[in-house]
Structures are given as structure tokens and as C-alpha cells.
Amino acid sequence: MNLIVGVLVGVLAALVAVSGIAAVRSGWMLPTQRKYIVRPRLFGYAQLVIAAVLVMQIAGAVLVSGAEAQGYVRYAGMALMLAVPGLVWASQRPDRAAAR
């Protein structure tokens, strides 16, 4: 991986993580997200998972030396990324306990 791409992905991961922490701790989200998200805390957890996956992709490309081990780290990141659409979908639906 090119060093510039690694740094840019690292900065993106940090921004997503900061946004996720803000959503988990205080419920704050970007204005464009507020219209669709009903449960901001759950959406914040989805953003934290995305940040973790980005870090795993960087670690798999830069820090891991063996080609086979790089593949395992990247596949683990992709498997973790499969959980994100479910979290985002659930954050757009109202809580069952609130519906009672």
C-alpha cells in the first residue's frame, strides 16, 4: 500500500471514530444523518466498527509481513464489515421497547 493512501485512510478512520464516539456519548450526529437515523447510539457503534475495519485494512497492508497473514487480516476486516449494514438498518428503525 502506498504510504499516502495509508495516511489518508488512517485520517478517515480517525474522523469516523470521532463521529462514532460523539454519537454514542451524546447522540450528536452530522446534520445530513439526523433525518434518517432514529437511534443515534446504535449508529455510533456502526461507525466505530467501520473505523476498526479501516484500521484492520491498514494493519493488514502495512504492519503484517507475510502475504498469507495479510490476507487473513483483510478477510477478518471484511467479515466484520458485513455486520455494519445490519447495525445501520437497525439504527433507522424505532426501538421495540419505545413502541409499547
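Owing to the predicted nature of the structure, the values given are computational and were not obtained by experimental measurement.

A. Quick peek at a nonpolar patch on the surface. Together, L3, V7, V11 and L15 line one region of the surface with nonpolar side chains, adding up to about 410 Å² of accessible area. Tracing the backbone shows V11 in helix α1 (residues 3-26). The class of V11 is partly exposed, set by a relative accessible area of 44%.

B. Structural detail: the side chain of S91. Here S91 lies in helix α4 (residues 84-91). Given the relative accessible area of 0%, S91 is considered buried. Apart from residues no more than four positions distant in its own chain, S91 is found in contact with I37, V38, R39, L42 and F43.

C. Inspection of the confidence of the model for the protein chain at higher detail. This prediction gives the protein chain a mean pLDDT of 88; 96% of its residues lie at or above 70. Looking across the protein chain, the model is least confident in helix α5 (residues 96-99), with a mean pLDDT of 68, and most confident in α4, with 93.

D. Focus on the packing of α1 against helix α2 (residues 40-63). Following both chains from N to C, one finds α1 and α2 inclined at 160°, their axes separated by 8 Å at the closest point. Classified by the angle their axes make, α1 and α2 are roughly antiparallel. In this structure, the crossing between α1 and α2 has a hand that is left-handed. Residues G6, V9, G10, L12, A13, V16, A17, S19, G20, I21, A23 and V24 of α1 form the contact with α2, whose participating residues are P40, R41, G44, Y45, Q47, L48, I50, A51, L54, V55 and I58. A per-class count over the contact of α1 with α2 returns 16 nonpolar, 6 polar and 1 charged.

The rules behind these values
Residues numbered from 1 in each chain as written. Predicted model: local features only at pLDDT ≥ 70, side-chain atom pairs only at ≥ 80, totals over all residues. Heavy atoms only, no water. Patch = residues over 30% accessible without salt bridge, like charges linked within 9 Å, V, L, I, M, F, W, Y side chains within 5 Å. Areas by Shrake-Rupley, 256 points an atom, 1.4 Å probe, with all protein chains shown as cover. Salt bridge = Lys/Arg side-chain N within 4 Å of Asp/Glu carboxyl O. Helix = DSSP H or I, 4+ residues; strand = E, 2+ residues; numbered from the N terminus. Buried < 20%, exposed > 50% of the residue type's maximum accessible area, 1.4 Å probe, protein only. Contact = heavy atoms within 4.5 Å. pLDDT = per-residue confidence, 0-100. Axes fitted to C-alpha atoms, helices over the stretch in contact; angles between N-to-C directions. Parallel < 35°, antiparallel > 145°, perpendicular 65-115°, else oblique. Left-handed = near helix turned anticlockwise from the far one by under 90°. Nonpolar A, V, L, I, M, F, W, Y, C, P; charged D, E, K, R; others polar.

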